[in-house]
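Take a look at the letters that make up each chain.
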Amino acid sequence: MADRIESSAPETSTVLETRVDPTSARFEANMRFMADLVSQIHNEEEKISEGGGQKAIENQHSKGRLTARERIKLLVDPGTFFELATYAANGMYEEWGGAPAAGVITGLARIHTRLVMIIANDATVKAGAFFPMTAKKVIRAQNIAIENHIPTIYLVDSAGVFLPLQEDVFPDTDDFGRVFRNNAVMSAMGISQIAAIMGMCVAGGGYLPVMCDHVLMTDGSGLFLAGPALVQAAIGQKISAEELGGAAMHSAISGTVDFRAANDEACLAEIRSIVEKWGYRRQSPWHRKKPVEPAMAAEEIYGIYDSSPARPYDMKEILARIVDGSRFDEYKREYGKTVICGYARIGGFAVGIVANQKLHAQQTDHEGRKRIEFGGVIYTESAEKAARFIMDCNQGLVPLVFFHDVNGFMVGRDAEWSGIIKAGAKMVNAVSNSVVPKITVIIGGSFGAGHYAMCGKAYDPRFVFAWPTARYAVMSGESAAGTLVEIKIKQLERSGKQLSDDERKELFESVKKTYEEQTDPRYGAARLWIDKIIDPVGTRDAIVLALEAAALNPDVPEFKVGVLQT
């Protein structure tokens, strides 16, 4: 079984020390700042969870159907649903009344303790129709299931493609058709899929359930390539929805449905019964022992994290409140200090950690000269150290966890002469070709090429989590605004216009505001660049669940890096 846990042996890892003063004014100010952000995220997610609103919920109930969230609550083991991509499509499609959570709910959960992926259409949002981001959200959930071999359950209740936006939903590789392609690929891979038709399932969307391993359908639901109105228009045939594609017909005549259920409750109970009887595939190679709680309180993270460049914090203080027993074997501790590398356990799983250190550090170069290195910046030494460590983790089959608070790579003559581009390329190469599971947690800034080297979204992390304090862009708002304003001023000057100091300031603030809105984690989460915005206190739990998901996939390709610059 993939979740087998070995008995613990005596630990010899170093216990991380803490110098945090929870009574200090700085700690208390940080606590208040983080608590306010977390509360804001929580309140917004509560609003998103209302879907299409109370009237739409009542309309769903009037049909004798549960809402998507009510269905999930009945289906999964109590308290186990870990929602993903809640913010998908947030602030988008306003001209169409919006699409809360992109009209589909996705997440990990347990059924009879077994980990599964849930994909449930929310019929309270435009009858569960597929907006462009709806398709992308379903595909992201499927891709997570494919990468980690997670059994997947679809609760289908959808009117199909949202026709006013069909050109952005229908044709491309990450659009609607990819969903069905993934159904076929997942089945061929042996990833179990169950689809329950619990409302409308029409047109091309009808392929989704029928391409799954098990198909269930409730009375009163409909499954057809064309509904009664379209059939009459196309071929002149008059027929009722029930006779055309109802549960009774598909159960007794077409044979499309494996299980027919009287209502939602009976259908969900049948799904639980099927899952309960599944066997287990071979165990993954990732090493796990009995978990040990950190020696320090997770709640203190609120007071430790500081977003101000003038007040750098110690990333090891964060790690001490996430890793088992607060124990950490630091790799090359005295070299390349702006990136922390080392081995630990999280939830019993052995992991390699790559984290940006925000404290400034003294470094001696190859000619014996001492210099101060700025926290959050990747220097040549730290990039080389991280590249080697990532390769070591792949050699030893140790999953990797990346903690981002990175400004980018160091620039300037000394950096260029030291070979920063070569070192950075080496780190990016190691990350790109890594074959062990990678999990990314964006704590603060994640800027420029530093985002790439720390396993950004383009480098196939199994999951990307972000704190409410995350910032995600090519560069910080201040730097970007300064650059963009200078370009704009030069354009205006070429046309003969001179700006006053007040006009320059106004332009700077306007550009900065727009840019900072785009660096907000909610902006990234709306576009699925981030899988979930998490409460910092829940970081350990999120990583453990991600590692448990990764443990379902036992297949590890051969590790190769190709040509490394030296």
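Residues numbered from 1 in each chain as written. Predicted model: local features only at pLDDT ≥ 70, side-chain atom pairs only at ≥ 80, totals over all residues. Heavy atoms only, no water.

1. Here's the deal with the packing of helix H13 (residues 380-395) against helix H15 (residues 420-433)
In the contact formed by H13 and H15, the axes pass within 8 Å of each other and the chain directions differ by 25°. One way to sum up the angle between H13 and H15 is to call them roughly parallel. Of the two possible hands of crossing, H13 and H15 adopt the one that is left-handed. Residue-level contacts link Thr 380, Ala 383, Glu 384, Ala 386, Ala 387, Ile 390 and Met 391 of H13 to Ile 420, Ala 423, Gly 424, Lys 426, Met 427, Ala 430 and Val 431 of H15. Considered class by class, the residues forming the contact of H13 with H15 number 10 nonpolar, two polar and two charged. (Axes fitted to C-alpha atoms, helices over the stretch in contact; angles between N-to-C directions. Helix = DSSP H or I, 4+ residues; strand = E, 2+ residues; numbered from the N terminus. Parallel < 35°, antiparallel > 145°, perpendicular 65-115°, else oblique. Left-handed = near helix turned anticlockwise from the far one by under 90°. Contact = heavy atoms within 4.5 Å. Nonpolar A, V, L, I, M, F, W, Y, C, P; charged D, E, K, R; others polar.)

2. As for helix H5 (residues 176-188)
Listed in full, the buried residues belonging to H5 are Phe 176, Val 179, Phe 180, Asn 182, Asn 183 and Met 186. Taken down its axis, H5 places every buried residue within 155° of arc, on the same side. In this fold, the buried residues of H5 make contact with helix H4 (132-148), strand S4 (152-158), strand S5 (193-202) and helix H6 (207-210). (Buried < 20%, exposed > 50% of the residue type's maximum accessible area, 1.4 Å probe, protein only. Arc of directions from axis to C-beta.)

3. Examining the environment of Phe 131
Tracing the backbone shows Phe 131 in the loop between strand S3 (114-121) and H4. Residues Phe 131 and Arg 327, spaced 196 residues apart in sequence, show a C-alpha to C-alpha distance of 46 Å. Non-local contacts of Phe 131, meaning those with residues more than four positions away in its chain, are made with Tyr 93, Trp 96, Gly 98, Ala 99, Lys 126, Phe 162, Leu 165 and Val 169.

4. Focus: H4
Taking 1.5 Å of rise per residue, 17 residues should cover 24 Å, and H4 covers 25 Å from first to last C-alpha, within 8% of that figure. With 14 of 17 residues buried, H4 is to be regarded as a mostly interior element. At the C-terminal side of H4, His 149 shows a positive phi close to 55°. (Expected span 1.5 Å × (residues − 1).)

5. Here we look at the packing of aromatic side chains
The geometry of two aromatic rings is summed up by the distance between their centres and the angle between their planes. Counted by the stated rule, this structure contains 15 aromatic pairs. Between Phe 82 and Phe 465 the ring centres are 6.0 Å apart and the planes differ by 90°, which places this aromatic pair in the edge-to-face class. Taken as a pair, Phe 82 in strand S1 (residues 82-84) and Phe 465 in strand S18 (residues 463-466) lie far apart in primary sequence, 383 residues in all. Comparing Phe 82 with Phe 465 shows no difference in burial state: the two are buried. An angle of 40° between the planes, with centres 5.9 Å apart, marks the rings of Tyr 452 and Tyr 459 as tilted. On the accessibility criterion, Tyr 452 (41% relative accessible area) is partly exposed. Every member of this aromatic cluster is reached through a ring pair, and the members are Tyr 93, Trp 96, Phe 131 and Phe 162. Of note, Arg 413 hangs over the ring of Trp 417, and the distance from its end group to the ring centre comes to 4.9 Å. (Phe/Tyr/Trp six-rings, centres within 6.5 Å; stacked < 30°, edge-to-face > 60°. Lys NZ or Arg CZ within 6 Å of the ring centre and 35° of its normal.)

6. Observations regarding the packing of helix H3 (residues 68-75) against helix H10 (residues 264-276)
For any two helices packed against each other, one specifies the inter-axial angle together with the distance between the axes. Two numbers describe how H3 lies on H10: the axes approach to 9 Å, and their chain directions differ by 40°. As summarised for this structure, H3 and H10 are arranged oblique, according to the angle between their axes. Two packed elements cross with a definite hand, and for H3 against H10 that hand is right-handed. Here Arg 71, Leu 74 and Leu 75 of H3 come into contact with H10, specifically with Asp 264, Glu 265, Leu 268, Ile 271 and Arg 272. Residues belonging to the contact of H3 with H10 are distributed by class as follows: four nonpolar, no polar and four charged.

7. Concerning the side chain of His 149
Topologically, His 149 is positioned in the loop between H4 and S4. At a separation of 3.4 Å, a polar atom in the side chain of His 149 contacts the side chain of Asn 553. (Polar contact = N/O pair within 3.5 Å; in protein donor to acceptor, adjacent residues only side chain to side chain.)

So yeah, pure geometry; function would need other evidence.
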